[in-house]
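Descriptive analysis of the structure
Listed below, chain by chain, are the residues.
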Amino acid sequence: KVVIPKLMKQYLIQLALGDEWSRVFLGEKRVGLGIVVVMSYFIALVWMVCTAFTLDGGAAAMLIPSILAAIISAIMNIMIFWNRMGVKEQRKALNAMGLA
């Protein structure tokens, strides 16, 4: 099938992005860049799971915990970034989003 090579590429992409997030966030402690990488990882992971559902729904369902782990990682990354910002920068960010 044509789907299997496509799925393999998607798997390798999400695997590389997951490793990259670990290196950037945990190794280099670059929290801002970590947000970009973890969001890219999340998108690649969801894309791969959607493709996997076309082959085997049960196998794809087993990847749902990975999606939840990526969500938790993203929330953690964003919260650390937010808490490192000063109060002045936080107010500016909230104003820019229209939330203040």
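Everything that follows concerns the structure shown earlier in this document.
Model, not experiment: these values are computed from the prediction. (Residues numbered from 1 in each chain as written. Predicted model: local features only at pLDDT ≥ 70, side-chain atom pairs only at ≥ 80, totals over all residues. Heavy atoms only, no water.)

1. Topic: the overall build of the protein
Scanning the protein from N- to C-terminus turns up five helices and zero strands. If you list the helices and strands of the protein from N to C, you get α-α-α-α-α. For 100 residues, the compact-globule estimate of 2.2 N^0.38 gives 13 Å, and the C-alpha radius of gyration of the protein, at 17 Å, exceeds that figure by more than 25%. Judged by the C-alpha coordinates and their principal axes, the protein covers about 55 × 30 × 20 Å. Per-residue burial for the protein yields a buried fraction of 26% across its 100 residues. (Helix = DSSP H or I, 4+ residues; strand = E, 2+ residues; numbered from the N terminus. Rg over C-alpha atoms; globule rule 2.2 N^0.38 Å. Buried < 20%, exposed > 50% of the residue type's maximum accessible area, 1.4 Å probe, protein only.)

2. Quick word on the nonpolar core
Counting residues in each nonpolar core, the largest one holds nine residues, listed as Leu7, Tyr41, Leu45, Met48, Val49, Ala52, Ala60, Ile67 and Ala70. Looking at this core, the elements that each hand over two or more residues are α2 (31–55) and α4 (64–84). Ignoring sequence-local partners within four residues, the contact set of valine 49 consists of Ala60, Leu63, Ile64 and Ile67. Counting six residues, the second-largest nonpolar core is a separate cluster that includes Trp21, Phe25, Val37 and Ala74. (Core = buried A, V, L, I, M, F, W, Y, C linked by side-chain atoms within 4.5 Å. Contact = heavy atoms within 4.5 Å.)

3. Section: helix α5 (residues 87–97)
Little of α5 is tucked away, with one of its 11 residues classed as buried. Of the residues flanking the end of α5, it is glycine 98, one or two places downstream, whose phi is positive at about 75 degrees.

4. Some details on the packing of helix α1 (residues 3–27) against α2
Between α1 and α2, whose axes approach to 8 Å, the crossing angle comes to 160 degrees. Considered as vectors, α1 and α2 are oriented roughly antiparallel to each other. Every pair of crossing elements has a handedness; the one defined by α1 and α2 is left-handed. A class-by-class count of the residues in the contact of α1 with α2 yields 20 nonpolar, seven polar and one charged. (Axes fitted to C-alpha atoms, helices over the stretch in contact; angles between N-to-C directions. Parallel < 35°, antiparallel > 145°, perpendicular 65-115°, else oblique. Left-handed = near helix turned anticlockwise from the far one by under 90°. Nonpolar A, V, L, I, M, F, W, Y, C, P; charged D, E, K, R; others polar.)

5. Some points on the side chain of asparagine 77
Secondary-structure assignment places asparagine 77 in helix α4. Since its relative accessible area comes to 0%, asparagine 77 is described here as buried. Those residues within four positions of asparagine 77 in sequence are excluded, and the remaining contacts are Trp21, Phe25, Val31, Gly34, Ile35 and Val38.

6. Regarding the environment of glutamine 10
Among the secondary structure elements, glutamine 10 is positioned in helix α1. Sequence spacing of glutamine 10 and valine 46 is 36 residues, and the spatial spacing of their C-alpha atoms is 9.8 Å. Excluding its chain neighbours within four sequence positions, the residues that come into contact with glutamine 10 are Trp47, Met48 and Thr51.

7. With respect to α1
Taking 1.5 Å per residue, 25 residues should reach 36 Å; α1 reaches 35 Å between its end C-alpha atoms and fits that length. For α1, the complete set of buried residues consists of Leu7, Gln10, Gln14, Gly18, Trp21, Val24 and Phe25. Each element contacted by the buried residues of α1 is listed here: α2 and α4. The positive-phi residue at the C-terminal boundary of α1 is lysine 29, with phi of around 60 degrees. (Expected span 1.5 Å × (residues − 1).)

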